[in-house]
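Observations on the model geometry
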Amino acid sequence: MTGRGEDPSAALEPLNGRTCCDGTIDDNKSRMRKRSLKPSDGSHTGNNCNTIINNNLRKQKGSKANTHSIDESCLKKVDELLKIKQKQDEDKAAARLHSLNCKISKGVIMSSERTEAMKYLKFTNGKQQLKPSNVQEHIAVQYPEVVLCIEVYHNVRNWLKIQEFLVLGRQTLTEMRDKIYCMTDQVMQKAGQHDPSGYFLIEDVFYNDMRNPSAIDYSDPIFDWLRNSKDDALRKWECIISGELHQKQKAVVGEATTSHLPQFRRADMQKTRFCDLRFRLGAGYLFCHQGDCKHTFVIRDMRLIHPEDVQNRAAYPIVIFQLKMRMQKCNVCKIFRATKMTVDDKWTPCNPCYFCNDCYYLLHYSENGSLLYSDFSTYDYLHD
């Protein structure tokens, strides 16, 4: 409490404040702010403020210059991209599909529903058709035409598919026979014992390839055996159609009904077209060539030709699948493809051993061309 005659402002002095000349109260915090604004070196405050402002102006000018340079580089990149895009549009306009320049006949124009339906008529494997590049002539396909999808299997590993063709119904059997690849043909050609004969066995008909004058009818000994050994032929036929287990059951229990041999016949392969055949889709048939090299082939699919198919008859049969051949490398240099194979070679690291031409002759022949040792067998190697 203060006395009545005392100045009221005296009571505020203990609160860290003092009265200024103009009647304002200057507390400690205000004095600290003023002290902090005073320069420590005794220079004037205004100069310091001007320095700060100038620095800020320089920074602003620098940032504006950087922004301006960035904008220029961005604009240059945008211009380059626009030029590239314009060039691409010009190339697209210049490059036109051949099918767009052709006049489409009215019979080919189909509704959207028919187009969608035709997509499901494609064969199920959907592989890309390999169009042969060496076909120069063009023969128009006759309508209506049928396309067959035929699979050919390996002669030893009979579960392994080696080729698949698209064949036209009006083509002859020899046209597909000439497209079938088998390593046995190459081996026999190198040995000088190539045989042009062969046959397709489809259902109960032997279709023989008799184009070459030196060809022989492979079905002759089969027909002789059917005539001279009917009982043996019937037992084998029953084994084929019913299986070995059924034959054992028949021997124990007996069976009232007996099967009959089909009436086999023969025809010329070069005179028979695929549309003339009687066959079952998915059934296995036989192709025999080079004496005893036998392949199973299956007619997997049959459909009408449509505009998306190759319209050049000369391009068929089209190979739509070809098994990739596995090649052995030389066991010596490990670089080149092997062309020779030795068996029971005493100086080789493995048996059989594969060689390229250079390594084989370097290791087995002297400088004068004489064989160093001969207690081994040598074979030409093509592929596995």
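Residues numbered from 1 in each chain as written. Predicted model: local features only at pLDDT ≥ 70, side-chain atom pairs only at ≥ 80, totals over all residues. Heavy atoms only, no water.

**Overview of the overall build of the protein chain**
Under the convention used in this document: Secondary structure counts use DSSP, requiring at least four H or I residues in a row for a helix and at least two E residues in a row for a strand, with both numbered from the N terminus. Relative accessibility thresholds used throughout: buried, under 20% of the residue-type maximum; exposed, over 50%; partly exposed, between the two (1.4 Å probe, protein chains only). Throughout, a contact is declared for two residues whenever any of their heavy atoms are within 4.5 Å. Every accessible area reported is derived by Shrake-Rupley at a probe size of 1.4 Å, with residue values counting cover from the shown protein chains alone.
Secondary structure assignment for the protein chain yields 10 helices and 13 strands. When burial is assessed residue by residue, the protein chain has 27% of its 384 residues classed as buried. Summarising the internal contacts of the protein chain: among those between residues at least 6 apart in sequence, 61% fall at separations of at least 24. Surface accessibility of the protein chain: about 27,300 Å² in total, with carbon and sulfur atoms responsible for 55%.

**Section: the confidence of the model for the protein chain**
What counts, and what does not: What pLDDT conveys is the predictor's confidence in a given residue, as a value from 0 to 100.
Averaged over the protein chain, the pLDDT score is 76; the fraction of residues at 70 or greater is 66%. Low pLDDT, under 50, characterises residues 115-130; the predicted model gives this stretch 26 contacts beyond four residues in sequence or across chains.

**Quick look at the layout of surface pockets**
Rules: A cavity, in this analysis, means grid points on a 1 Å lattice covering only the protein atoms where a 1.4 Å probe fits yet has no way out; a pocket is instead an open set bounded by protein on both sides within 12 Å along at least five of seven lines, and a residue lines either one if it has an atom within 4 Å of a point. Grid points are joined across faces, edges and corners, and a volume is the space filled by probe spheres set on the points. Any residue outside Ala, Val, Leu, Ile, Met, Phe, Trp, Tyr, Cys, Pro, Asp, Glu, Lys and Arg is labelled polar, Gly included; the first ten of those are nonpolar and the last four are charged.
The computed volume of the largest pocket comes to approximately 750 Å³. In terms of lining residues, the largest pocket is bounded by 27 residues, among which Leu-201, Trp-237, Ile-240, Phe-264 and Leu-286 are the most central. For the lining of the largest pocket, the secondary-structure elements that each account for two or more residues are strand S5 (198-202), helix H7 (220-228), helix H8 (230-242), strand S8 (284-289) and strand S9 (293-304). Considering only residue class, the lining of the largest pocket consists of 18 nonpolar, 3 polar and 6 charged.

**Structural notes on the nonpolar core**
Applied cut-off: Residue types Ala, Val, Leu, Ile, Met, Phe, Trp, Tyr and Cys, when buried and joined through side-chain atoms within 4.5 Å, form a set referred to as a nonpolar core.
Formed by 22 residues in total, the largest nonpolar core has its most connected members in Ile-150, Met-176, Phe-200, Tyr-207, Phe-274 and Phe-297. For Tyr-207, the residues in contact, after removing those within four places along its chain, are Leu-173, Gly-198, Tyr-199, Phe-200, Ile-202, Ala-267, Asp-268, Met-269, Thr-272 and Leu-277. Core analysis: the next-biggest nonpolar cluster, separate from the first, contains 11 residues, Leu-166, Leu-168, Tyr-316 and Ile-320 among them.

**Describing the sheet that holds strand S13 (residues 377-380)**
The condition is simple: Strands qualify as paired when DSSP identifies two bridges or more between them. To get an axis, fit a line to the C-alpha atoms, keeping to the stretch in contact for a helix; angles then go from 0 to 180 degrees between the N-to-C directions.
Ordered in space as S12-S11-S13, the 3 strands form an open sheet in which the pairing is antiparallel. Two strands lie at the open edges of the sheet, namely strand S12 (353-355) and S13, each paired on one side alone. Direction aside, neighbouring strands of the sheet carry axes that sit 30° apart on average. Two elements, strand S11 (residues 340-343) and S12, share 3 bridges in a ladder whose sense is antiparallel. Across the sheet, the residue bridging to Thr-342 is Cys-353, located in S12.

**Some thoughts on unusual backbone geometry**
A cis amide bond, omega -5°, links Tyr-316 with the succeeding residue Pro-317. Here Pro-317 is to be found in the loop between S9 and strand S10 (318-322). A cis amide bond links Asn-351 to the next residue, Pro-352, at an omega of 0°. In this structure, Pro-352 sits in the loop between S11 and S12. Here Gln-290, not a glycine, exhibits a phi torsion of approximately 50°, which is positive. Note on placement: Gln-290 falls in the loop between S8 and S9. Judged by relative accessible area, Gln-290 falls into the buried class, the value being 10%. Of note in this structure, Lys-334 is not a glycine but carries a positive phi near 60°. Assignment of secondary structure puts Lys-334 in the loop between S10 and S11.

**Observations concerning the state of the cysteines**
The criterion, for reference: Here, a disulfide means two cysteine sulfur atoms that sit within 2.5 Å of each other.
Summed over the entire model, instances satisfying the criterion amount to 0 disulfides. Cys-330 takes part in no disulfide bond, and the closest cysteine sulfur, belonging to Cys-359, lies 3.7 Å away. Judged by relative accessible area, which is 1%, Cys-330 ranks as buried.

**Points about a nonpolar patch on the surface**
Heads up, the condition is: Patches were defined on residues exceeding 30% relative accessible area and lacking a salt bridge, with like-charge contacts within 9 Å and nonpolar side-chain contacts (Val, Leu, Ile, Met, Phe, Trp, Tyr) within 5 Å. For this document, the term salt bridge refers to a Lys or Arg side-chain nitrogen within 4 Å of an Asp or Glu carboxyl oxygen.
Side chains of Val-332, Leu-362 and Leu-363 sit close together on the surface and give an oily, nonpolar patch of about 290 Å² of accessible area. Following the sequence through the fold, Leu-363 ends up in helix H10 (residues 357-364). When its relative accessible area of 43% is taken as the criterion, Leu-363 is described as partly exposed.

**So, the pattern of salt bridges**
Here the structure, examined in full by the defined rule, presents 20 salt bridges. The residue Lys-161 makes a salt bridge to Glu-151 at a minimum N-O spacing of 3.9 Å. Placement of the pair is Lys-161 in strand S4 (residues 161-168) and Glu-151 in strand S3 (residues 146-153), with a sequence separation of 10 residues. The exposure class of Lys-161 is buried, given its relative accessible area of 19%. Residue Lys-340 pairs with Asp-380 through a salt bridge whose shortest N-O separation is 3.0 Å. Taken together, the positions of Lys-340 in strand S11 and Asp-380 in strand S13 put the pair 40 residues apart, joining distant regions of the chain. For Asp-380, a relative accessible area of 46% translates into the label partly exposed.

**What to know about the sheet that holds S8**
Spatially, S7-S6-S5-S8-S9-S3-S4-S10 is the arrangement adopted by the 8 strands of the open sheet, whose pairing is mixed. The sheet is open, and its two edges are formed by strand S7 (265-268) and S10, each paired on a single side. Neighbouring strand axes in the sheet, compared pairwise and without regard to direction, differ in orientation by 25° on average. In this structure, S5 lies alongside S8, joined through 4 bridges in antiparallel fashion. When the bridges of S8 are listed, Gly-198 appears paired with His-289. Packing of H7 onto the sheet brings it into contact with S5, strand S6 (205-208) and S7, and relative to S7 it is tilted by some 165°.

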